[in-house]
Amino acid sequence: MPPPGGPAPMPPGWSPTTCDSWSPSLAPDGGRVVFVSDLSGAPRAWVQDAHTVGARPVALPTGEEPVGRVTWSPDGSWIAYTVTPGGAPRAEAWAIRPDGTDNHQIAGFEGTTVVLGDWVPGTSRMAVTEVGATARALLLDLAAGERHTITEGDLLCLLDVTEDGSRALLRRGPRGARWLEVLDTATGAHVPLPLAGGNTDRGWFTDGGATVLARTDAGSDLATLVAVTGADVVELARRPDAELEDFAVTQDRRTVALLWNRYGGISELALLDLETREQRTLPSPAGEVFEGCAFAGDGGLLTLVAQSPVQPRSVWLIDPALGECRTLGDDPTGPATPPPGEPSWPVVIAPQLCDLRSGDGLALSGWLYRPDMDHEGPWPTVISLHGGPEAQERPGHNPLFQALLARGLAVFAPNVRGSSGFGRQFVDADNRAGRYGAIADVAACVNYLVGMGIADPARIGCIGRSYGGYLTLASLTTFPELFAVGVSECGMSDLETFYQRTEPWIAAAAVSKYGDPDHDRELLRDLSPLHRMDRLSAPLLLVHGANDTNVPVYESEQVLEALRGRDVPHEYLLLPGEGHDFLARSSRRTAITATAQWLAVHLS
């Protein structure tokens, strides 16, 4: 379907199709990097020389399906990658030689989806989990072409396997309430790590399997790094002002790269020596938000992805010994080299971090984008709600925000309760009945913006995607007097039908966040905006990917049916060939253009 209202005029020289690059993985000798980029218009796997200035990437012949993640085997023989057929949530695992030959599927057969774990050091054996009606933990030997089933069960994921195959590290449990356990592959005995309570969701073996390095918030509101040997737990890295977001380990298991998430979502990078327990800060790439750190085989080079309001996700290389940090060659994914025929200019409007309180006194924060730094407002304002809910609004690259700013609209992107990055208590604060508080947080954001003279109270819109789309619908129907317009992108409208129609592994893991579809039926019904559509008064744009099986298209279609015959302006944009995440740049451009036009018309 075409964008409602026809094509929107874009600001001169601006394009929402700026390329992104992510998921870098270094060859064992650090000489080349494989990464994912939508440089060609859709996510593909690319290989590039890591040291030659001006080197250009070469696409791997992985086919037409969008690539999600790539990883180079420690012995250098293979590149494993995932694809999402039709852009939907289900992922398949494939393997290809670095020279582009011998491409074949290795996991994700018969309708299952795949989660890639870690490689066994120095080999082409890797941990993989196939998830369908149940989860199957596999050790894949790419050199021998063999698949070994380690164990099966519900809500499990295989993270790591020792070199001799005697021990496997498993993650178990639903979202926000996970734990790690060690499996003796000979006897089948499972021993949970002694980390009571909280959420423990990431880990690696070290010391030949005798010790597990784990990220956990058990015993601490902010996530830390611990080493667990038998019943002994030793804290290796903690910060009072930041939580550990991610970590990567060298193949020799002597050094750890730490990605810290400071208050508000600013990233910091550090290196931890496991022998001396000394931690030192590494030179940081240009950008505020980092992800996807990974070492070369010898630990002499580290790669990660950085982004900022003025820079899309791009690949950086760091030499820890020399303290040098640089982009990957002449990075073709940056704003300086737009796609042929499409103009581009650097985004210059950066956000300001604001603190506020919800109605019950809970401290909240959000990023404010002002369309005109020389004036104080009030402006027509859009509140943008992130997905998850256990995700975080951070000062990254967001072309939609810049399109709205160019139309004279302010944007406030809050982190309501349930967001990650602020500790375990905050991320758990919206579980089950706590979701009423998250909906009230949106109203608190409106009150804050109006009280500070930022927002024109008669011209406030609310938008969001995925869970943010749900929260948008819930806010529009709970506080109809506050909003003049709304946009729900891939949002849930009825939690009961969501549970019935989403992928089974998504439903099983969501119970800890939303509630049990049987035991909490009345709660889920009361929290579902579909049953309050008679209160909706704001013009509503619905956007959805036609192949979405995470939040199925039915969630938007039943909103359309509920609005049939009512005097509420509404439009529906269905994107063919897309799943839950819009992966093609053309689809993102269509969604951005439609959303910006819809908001500009109804907030003018």
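Residues numbered from 1 in each chain as written. Predicted model: local features only at pLDDT ≥ 70, side-chain atom pairs only at ≥ 80, totals over all residues. Heavy atoms only, no water.

**Focus: the overall build of the protein chain**
Helix and strand counts for the protein chain come out as 9 helices and 36 strands. Relative to the 2.2 N^0.38 estimate, which gives 25 Å for 604 residues, the radius of gyration of the protein chain is 24 Å and therefore close to what a compact globule would have. Each principal axis of the C-alpha distribution contributes one length, and for the protein chain these read about 65 × 55 × 45 Å. Burial status across the protein chain gives 60% buried among its 604 residues. In the protein chain, the share of contacts with a sequence separation of at least 24, taken over all contacts with a separation of at least 6, comes to 54%. About 22,300 Å² of surface is accessible on the protein chain, with carbon and sulfur atoms providing 51% of the total. Within the protein chain, one finds 46 positive and 75 negative side-chain charges whose respective centroids are separated by 2 Å. (Helix = DSSP H or I, 4+ residues; strand = E, 2+ residues; numbered from the N terminus. Rg over C-alpha atoms; globule rule 2.2 N^0.38 Å. Buried < 20%, exposed > 50% of the residue type's maximum accessible area, 1.4 Å probe, protein only. Contact = heavy atoms within 4.5 Å. Areas by Shrake-Rupley, 256 points an atom, 1.4 Å probe, with all protein chains shown as cover. Lys, Arg positive; Asp, Glu negative; His and termini not counted. Charge placed at Lys NZ, Arg CZ, Asp CG, Glu CD.)

**Details of the sheet that holds strand β21 (residues 242-249)**
Across the sheet, 4 strands lie side by side as β21-β22-β23-β24; this open sheet has antiparallel pairing. One side of each edge strand has no neighbouring strand; the edge strands of this open sheet are β21 and β24 (279-281). Across the sheet, the axes of successive neighbouring strands diverge by a mean angle of 30°, strand direction being ignored. (Pairing = 2+ DSSP bridges. Axes fitted to C-alpha atoms, helices over the stretch in contact; angles between N-to-C directions.)

**Brief notes about helix α4 (residues 467-478)**
Between its terminal C-alpha atoms α4 stretches 16 Å, which fits the 16 Å expected from 12 residues at 1.5 Å a residue. Across the 12 residues of α4, 11 count as buried, placing the element largely inside the fold. If you check which residues of α4 are buried, you get Y467, G468, G469, Y470, L471, T472, L473, A474, S475, L476 and T477. (Expected span 1.5 Å × (residues − 1).)

**Remarks on the sheet that holds strand β9 (residues 113-119)**
Judged by pairing direction, the sheet is antiparallel, and its 4 strands sit side by side in the order β9-β10-β11-β12 without closing on themselves. Of all strands in the sheet, those bounded by a partner on one side alone are β9 and β12 (146-153). Pairs of neighbouring strands in the sheet enclose a mean axial angle of 25°, with direction left out of account. Pairing analysis gives 7 bridges linking strand β11 (residues 135-141) to β12, with the strands arranged antiparallel.

**With respect to the pairing of strand β7 (residues 92-96)**
Most of β7 is tucked away, with 4 of its 5 residues classed as buried. Alignment of strand β6 (residues 79-83) against β7, held across 5 bridges, turns out to be antiparallel. Across the sheet, A80 pairs through a bridge with A95, a residue of β7. Two strands pair when backbone bridges link them, and β7 and strand β8 (residues 104-107) are joined in this way by 3 bridges, in the antiparallel orientation. Bridging from a neighbouring strand, A93 pairs with A107 of β8.

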